[in-house]
Amino acid sequence: GRRRRALPLDLAEENPMMKSARLLISCLWLTACQTTPPETPDWAGFLGQVDRMDAQQLQGARETAMRQYVVQPTDVNRLRAAYAVSRPGASLEQLAQSRDLLAEIAAASDLAPMRDLLDAEIRQSMAVQEAQRRVLELQAQLDDLQARLGELQAQLDALKSIEKEMVESQQQADEMRR
């Protein structure tokens, strides 16, 4: 009769060495998941955890995420690092760094929608920071102008006082001549 060809998967399941290797890989994966986030992370958990961190914890999370990205530059690690680096308190340089990390995630990636959302949030944060910088700059200019106005007002008051004294002196001189 007709003989059935074994698929590679069938061979792998029959081979005791492959079974052992598969078990070992599973154990290593579970161990790795306990020390580093898995490739299919619980995004809500990760995002919530990062968002609840104080400044010191956030700095540690940024450093950890960047180390993970450097060691293993996957899209997940890029997204994680970009998110951690872009959290509140991030400088414009850090926000730009986050956008650079996101730009490395391909449009065809399953993470592209998250990348796009985070990129939009980062662009908004950058715009807000730029607007805040501009407000501070304009406030400083306004303070300078108000100080200059105060100086000019003091000079004007001094001139008015001198004019008043001159007018009064002139009137007294005119009265004495009469």
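Residues numbered from 1 in each chain as written. Predicted model: local features only at pLDDT ≥ 70, side-chain atom pairs only at ≥ 80, totals over all residues. Heavy atoms only, no water.

(A) Representation of the packing of aromatic side chains. Enumeration according to the criterion identifies zero aromatic pairs in this entry. Over the ring of Tyr-83 we find Arg-87, and its NZ or CZ is 3.8 Å from the ring centre. (Phe/Tyr/Trp six-rings, centres within 6.5 Å; stacked < 30°, edge-to-face > 60°. Lys NZ or Arg CZ within 6 Å of the ring centre and 35° of its normal.)

(B) The arrangement of the environment of Ala-127 in detail. The topology assignment puts Ala-127 in helix α7 (residues 112–177). Under the relative-accessibility criterion, Ala-127 is labelled partly exposed at 47%. (Helix = DSSP H or I, 4+ residues; strand = E, 2+ residues; numbered from the N terminus. Buried < 20%, exposed > 50% of the residue type's maximum accessible area, 1.4 Å probe, protein only.)

(C) Inspection of the packing of helix α5 (residues 75–85) against α7 at higher detail. Taken N-terminus to C-terminus, the directions of α5 and α7 make an angle of 20 degrees; their axes are 11 Å apart at the nearest point. Viewed along their axes, α5 and α7 adopt a mutual orientation that is roughly parallel. In terms of crossing hand, the pair formed by α5 and α7 is left-handed. For the pair formed by α5 and α7, the contact residues are Leu-79, Ala-82 and Tyr-83 on the first element and Met-114, Arg-115 and Leu-118 on the second. Class assignment for the residues of the contact of α5 with α7 results in five nonpolar, no polar and one charged. (Axes fitted to C-alpha atoms, helices over the stretch in contact; angles between N-to-C directions. Parallel < 35°, antiparallel > 145°, perpendicular 65-115°, else oblique. Left-handed = near helix turned anticlockwise from the far one by under 90°. Contact = heavy atoms within 4.5 Å. Nonpolar A, V, L, I, M, F, W, Y, C, P; charged D, E, K, R; others polar.)

(D) Layout of the environment of Asp-75. Examined against the element boundaries, Asp-75 turns out to sit in helix α5. Classification of Asp-75 by relative accessible area gives partly exposed; the value is 22%. Along the backbone, Asp-75 and Ala-106 are 31 residues apart, and their C-alpha atoms lie at a distance of 8.3 Å. Those residues within four positions of Asp-75 in sequence are excluded, and the remaining contacts are Glu-104, Ile-105, Ala-106, Ser-109 and Leu-111. One polar contact links Asp-75 to Arg-78, side chain to side chain, over a distance of 3.0 Å. (Polar contact = N/O pair within 3.5 Å; in protein donor to acceptor, adjacent residues only side chain to side chain.)

(E) Quick peek at a nonpolar patch on the surface. Where nonpolar side chains cluster on the molecular surface, the patch consists of Leu-159, Ile-162 and Met-166 and spans about 320 Å² of accessible area. With respect to the helices and strands, Met-166 occurs in helix α7. (Patch = residues over 30% accessible without salt bridge, like charges linked within 9 Å, V, L, I, M, F, W, Y side chains within 5 Å. Areas by Shrake-Rupley, 256 points an atom, 1.4 Å probe, with all protein chains shown as cover. Salt bridge = Lys/Arg side-chain N within 4 Å of Asp/Glu carboxyl O.)

(F) Spotlight on the nonpolar core. One finds Leu-79, Leu-102 and Leu-118 to be the most contacted residues of the largest nonpolar core, which totals 22 residues. If you list the elements that add at least two residues to this core, you get α3 (43–51), α4 (55–71), α5, α6 (92–103) and α7. Top contributing element to this core by residue count: α5, with seven residues. Excluding residues that lie within four positions of it along the chain, Leu-79 makes contacts with Trp-43, Leu-102, Ile-105, Leu-111, Met-114, Arg-115 and Leu-118. (Core = buried A, V, L, I, M, F, W, Y, C linked by side-chain atoms within 4.5 Å.)

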